[in-house]
Amino acid sequence: MTQMTAPHAPITAEAFADEIRNYLLTEQGVTPQEATVKDVYVATAKATRNHLVPAWAKTRADMVKGNTKAVGYLSAEFLLGRQLRNSLLDAGLSEQFSKAMAELGFDANEVVFSEPEPGLGNGGLGRLAACFVDSLASLGVPAFGYGIQYQYGIFRQEFDDQGRQYERADYWLTNENPWGHTDYNRDVRVNFGGSVQEKDGKRVWVPDWSVRAIPVDYLVPGYESGRVNTLRLWTAKAYHEIDLRTFNRGDYYGAVHNQIQAEDITKILYPEDSTPQGKELRLQQQYFFVSASLHDAIRTFYPGQEKPDLTTFPTKITFQLNDTHPVIGIPELMRILMDEYGYDWDTAWDVTTRTFNYTCHTLLPEALEVWPADLIGKLLPRHLEIIRKINENFVKLLSSLTDDQAKIDRMRIVTEGDNQQVRMAYLATAGGSHVNGVAELHSQLLKDVTLRDFNDLFPAKFTNVTNGVTPRRFVRIANPRLSDLITEGLGTDSWVSDLSKLEGLVPLADDDEFVHRFAEVKRANKRDFAAFAKERYGFEVNPNTMFDSMIKRLHEYKRQSLKILAVISRYASLKSGQTKLEDFTPRTVIFGAKAAPGYALAKETIQLINNVSRVINNDPEVEGKLNVLFPWNYNIELAQNLIPATELDEQISQAGKEASGTGNMKFALNGALTVGTLDGANVEIRDRVGHENFFLFGMTVDEVEDLYAKGYDKGMSRQYYESDPRLKQAIDMVADGTFSNGDKSTYQNLVNDWLNKDYFMTLADFRAYVGIQAEIEKTYADEKTWFRKALLNTARSGYFSSDRSIADYLERVWLTGPLPEDEKLKSRED
Ligand code: 26V
């Protein structure tokens, strides 16, 4: 009999230090005296992981033998961030770690920082997936995250001496990765290419190449749940690493060609572009991880069974499709059921539609994936047949529901005529049980616009689940000072697993002493950030200025350009004396953003921000008043450092374009006030924190639509430029070389776009955005008022925990819940 070790097994700091010493010696072969910081990091990671492994095995065993339906979260991206602090927290070893590091003579923070950050995602969608697996485990729900272990994650961003972005490869796997456990014994074969042949009246896929999918498992511990789930990221390997015949002919390169081709599949994360292109390798990635995951789920839930009853599959696991990227899973499950297990079409379709659900994460029509039918046919010929049949049946179904032929045509999964396309969002909507958007407004717009025809005919499929963020990483770990103050204010730390408890802070907004302490926390965090910015980037930051942050992917719809134009305008008015330096609130404006490498306008915007920063920061006339920082390589680490120190958060997208946003939630929880439009989850944040505690500006969705109807993007923006002297001045400064050493061509594309198109209406919202600044500054001038509002933001944002999002998915979409308690508490008897 072995005793099960709960993740919270009490262990002393001395014992933990011994475990670390032991790993140093037995695996790194060094004593603590010889060890480097990186050695200590690896040894600590292994020691920590070891504490979680028994609960991990137990959770899996309970899941397989129990009756609780599991959740499979299929996502091309999991933007995890560093693992050490989170694992320590969930293993109940945070304090022991600090003491053990002191005992071993190492700086705990240095050890934490030596972990390379796994950047396996582009932005919000990938980070959401990471928050969701954390919450699933914390709620004790049996779940798998399934994705890809990219050898290179999101590129590392650097700036050249002109302020331009350039991209460097993200070599995150060049050192030992103590979190990922490569399980060579649980590989899966994934096939590609070839043709479909007729054998005994059956369609049989004869592929012409295959790749070995090897799982790399990451433990996903829950916070105080005693549960540890699995994040299974697949990596591709060739079956025949070297073709000996070719090798013996002396063609050494040719001999490894297959291996290179196979291993390319998981080589690199695609940077999200302004518009997705039909890249064959990306489709290979999608099919690769989805096919491996579905086979993995079947063997997990029907262990050792040659003829499992797969009609029960939807009672074992429900799969969430994180955007369209894994939607090829629908025809793949159909194929598995029919071709590998012999089910008929109707049974397979019934199982499949009960297995999948789809979350849409965008409103930009060009971001909805569409694959050329030819490409699918070349890579996955049998799947193309199945998709065509799904389409045919779907069109028949539609014809039985409506006489509106135009509508039926609009809804086809496969378009007609030349260059046929497969619309993955439509396939997902037709082939799954539920479809959801990620904030109230977004879900409404999906029903009214993007998927309107589908909503007309299948209204019961549509629901909303507003996004959330994990309070463990984004409050408890990122902001220890605020966490302690909250715990003190509430008299308990139970808010970490039940964020609705923050509501209990509301009465303290009338307690001047508490508000003062809340302000002190922010000030201390600002000093910390200033020190971090100095050390990491060499920036001089004055902590006695307002910290005003905008961190997110760079995209026209998010409108970093609106912010930078307002900064330029402010700079100009300070210089001309229009704004008196003495009644101006000193600000530090901070940007963090990566632009997709192929997105020219976004890259030009980056260059502009960098050069505005250079000019302003070097102008003695505004010194100490206005400062613009653009720390490069925005990532989870920077978010965790900056968010707790921020006072004003910018959420200024064009209304109707940001599906939800999740940074907005992180900022509100950490006591920043938002300046924002009525877009995405901003709407819900404002409703919850109180309209008086949110700086609202700009056009609404309806006003945006009206302005398009008037032809805004056909040249109307110029009228705004002509009629607003401040706007004109700011744009003229960009055009006349003020931020490019006199060169007038540097920002030509950006200026042209502003004056002739401006699809996202930056110019039209400029006046309102500049206008709201006076109110922001007036509020900021009165410290008590500002921090009272900030505290109310924290107190009323508990709803935006990803635990609540997961609870909503469980109730509205997945129809399952946590594993029973008793199974968790029983110790395992072998
Ligand atoms: C699209 C593409 C297209 C081509 C290649 C790679 C690639 C990668 C990702 C995407 C989809 C981007 C969609 C996305 O990130 N949406 C964001 O999802 C967040 C979580 O729901 C949400 O908060 C943001 O508002 C939304 O922009």
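Fair warning: this is a prediction, and the values are worked out from it, not measured in the lab.

Draft legend 1. Quick peek at the side chain of Ser 569. Mapped onto the elements, Ser 569 comes out in helix H23 (residues 560–576). Of the residues examined, Ser 569 reaches a relative accessible area of 6% and is grouped as buried. Sequence-distant contacts of Ser 569, that is, excluding residues within four places in its chain, are made with Arg 726, Ala 730 and Phe 766.

Draft legend 2. The arrangement of unusual backbone geometry in detail. Positioned with a positive phi, Glu 224 is a non-glycine residue whose angle comes to about 55°. Mapped onto the elements of the fold, Glu 224 is located in the loop between strand S9 (209–221) and strand S10 (228–237).

Draft legend 3. Spotlight on the site of the ligand. Around the ligand, the structure places 19 residues, and the nearest of them are His 361, Asn 467, Glu 658, Ser 660 and Gly 661. Interatomic distance of 3.2 Å between a side-chain N/O atom of Tyr 557 and an oxygen atom of the ligand. In the complex, 95% of the free accessible area of the ligand, which totals 600 Å², lies under the protein chains. Considering each element in turn, the shell around the ligand owes the most residues, three residues, to helix H6 (residues 124–138). Both domain 2 (70–81 + 119–132 + 140–326) and domain 3 (471–810) contribute no fewer than three residues apiece to the shell around the ligand.

Draft legend 4. Representation of the packing of H23 against helix H32 (residues 762–781). The geometry of H23 relative to H32 is characterised by a closest axis approach of 10 Å and an angle of 60° between their N-to-C directions. Of the possible angle classes, the one that applies to H23 and H32 is oblique. Crossing hand, H23 versus H32: right-handed. Across the interface between the two elements, Ser 561, Leu 562, Lys 563, Leu 565, Ala 566, Ser 569 and Arg 570 from H23 touch Thr 762, Asp 765, Phe 766, Tyr 769, Val 770, Gln 773 and Glu 777 from H32. Among the residues making up the contact of H23 with H32, the classes are represented as six nonpolar, four polar and four charged.

Draft legend 5. Geometry of the packing of H23 against helix H30 (residues 725–735). Remark: H23 packs on H30, axes separated minimally by 9 Å, with the N-to-C direction vectors making an angle of 100°. Regarding the angle of H23 to H30, the classification is roughly perpendicular. From H23, Leu 565, Ile 568, Ser 569, Tyr 571 and Ala 572 reach across to H30, where they touch Arg 726, Leu 727, Gln 729, Ala 730, Ile 731, Met 733 and Val 734.

Draft legend 6. Structural context of the sheet that holds strand S18 (residues 587–592). The six strands lie next to each other as S19-S18-S17-S20-S21-S22, forming an open sheet whose pairing is parallel. Whereas interior strands pair on both sides, the edge strands pair on one side only; in this sheet they are strand S19 (626–629) and strand S22 (695–696). Bridge count between strand S17 (residues 546–551) and S18: six bridges; the pairing is parallel. Counted as the bridge partner of Phe 547 is Thr 588 from S18.

Draft legend 7. Representation of the pairing of strand S8 (residues 202–206) in the model. Pairing of strand S7 (residues 195–199) with S8, which is carried by five bridges, proceeds in the antiparallel orientation. Bridge pairing in S8 links Gln 197 to Val 204. Taking the residues that link successive antiparallel strands as the turn, the S7-S8 hairpin has two residues, and the phi of Asp 200 there is positive, at about 50°.

Draft legend 8. Spatial organisation of a negative patch on the surface. The grouping of Asp 702, Glu 703, Glu 705 and Asp 706 at the surface amounts to a negative patch. Locating Glu 703 in the fold gives a position in helix H28 (residues 701–709).

Draft legend 9. Here's a closer look at the UniProt feature "modified residue: N6-(pyridoxal phosphate)lysine" (unreviewed entry) in the protein. Here, the residues flagged by UniProt with the feature "modified residue: N6-(pyridoxal phosphate)lysine" (unreviewed entry) are Lys 666. Mapped onto the secondary structure, Lys 666 falls in helix H26 (residues 663–669). On the basis of relative accessible area, Lys 666 is assigned to the buried category, the value being 8%. Not counting the four nearest positions on each side in its chain, Lys 666 is found in contact with Arg 127, Val 469, Phe 474 and Ile 643.

Draft legend 10. Inspection of the pairing of strand S21 (residues 673–676) at higher detail. Of the two faces of S21, the one lined by Leu 673 and Val 675 and the one lined by Thr 674 and Gly 676 are each fully buried. Direction of pairing for strand S20 (residues 648–651) relative to S21: parallel, over a ladder of four bridges. Note on S21: the bridge partner recorded for Asp 649 is Thr 674. Pairing of S21 with S22 involves two bridges; the strand directions are parallel. Following the sheet pairing, Val 675 is matched in S22 by Phe 695.

Calculation criteria
- Residues numbered from 1 in each chain as written.
- Predicted model: local features only at pLDDT ≥ 70, side-chain atom pairs only at ≥ 80, totals over all residues.
- Heavy atoms only, no water.
- Helix = DSSP H or I, 4+ residues; strand = E, 2+ residues; numbered from the N terminus.
- Buried < 20%, exposed > 50% of the residue type's maximum accessible area, 1.4 Å probe, protein only.
- Contact = heavy atoms within 4.5 Å.
- Near = heavy atom within 4 Å.
- Polar contact = N/O pair within 3.5 Å; in protein donor to acceptor, adjacent residues only side chain to side chain.
- Areas by Shrake-Rupley, 256 points an atom, 1.4 Å probe, with all protein chains shown as cover.
- Domains from an automatic or database assignment.
- Axes fitted to C-alpha atoms, helices over the stretch in contact; angles between N-to-C directions.
- Parallel < 35°, antiparallel > 145°, perpendicular 65-115°, else oblique.
- Left-handed = near helix turned anticlockwise from the far one by under 90°.
- Nonpolar A, V, L, I, M, F, W, Y, C, P; charged D, E, K, R; others polar.
- Pairing = 2+ DSSP bridges.
- Patch = residues over 30% accessible without salt bridge, like charges linked within 9 Å, V, L, I, M, F, W, Y side chains within 5 Å.
- Salt bridge = Lys/Arg side-chain N within 4 Å of Asp/Glu carboxyl O.
- Lys, Arg positive; Asp, Glu negative; His and termini not counted.
- Charge placed at Lys NZ, Arg CZ, Asp CG, Glu CD.
- UniProt positions renumbered as here; feature names shortened; annotations may be inferred.

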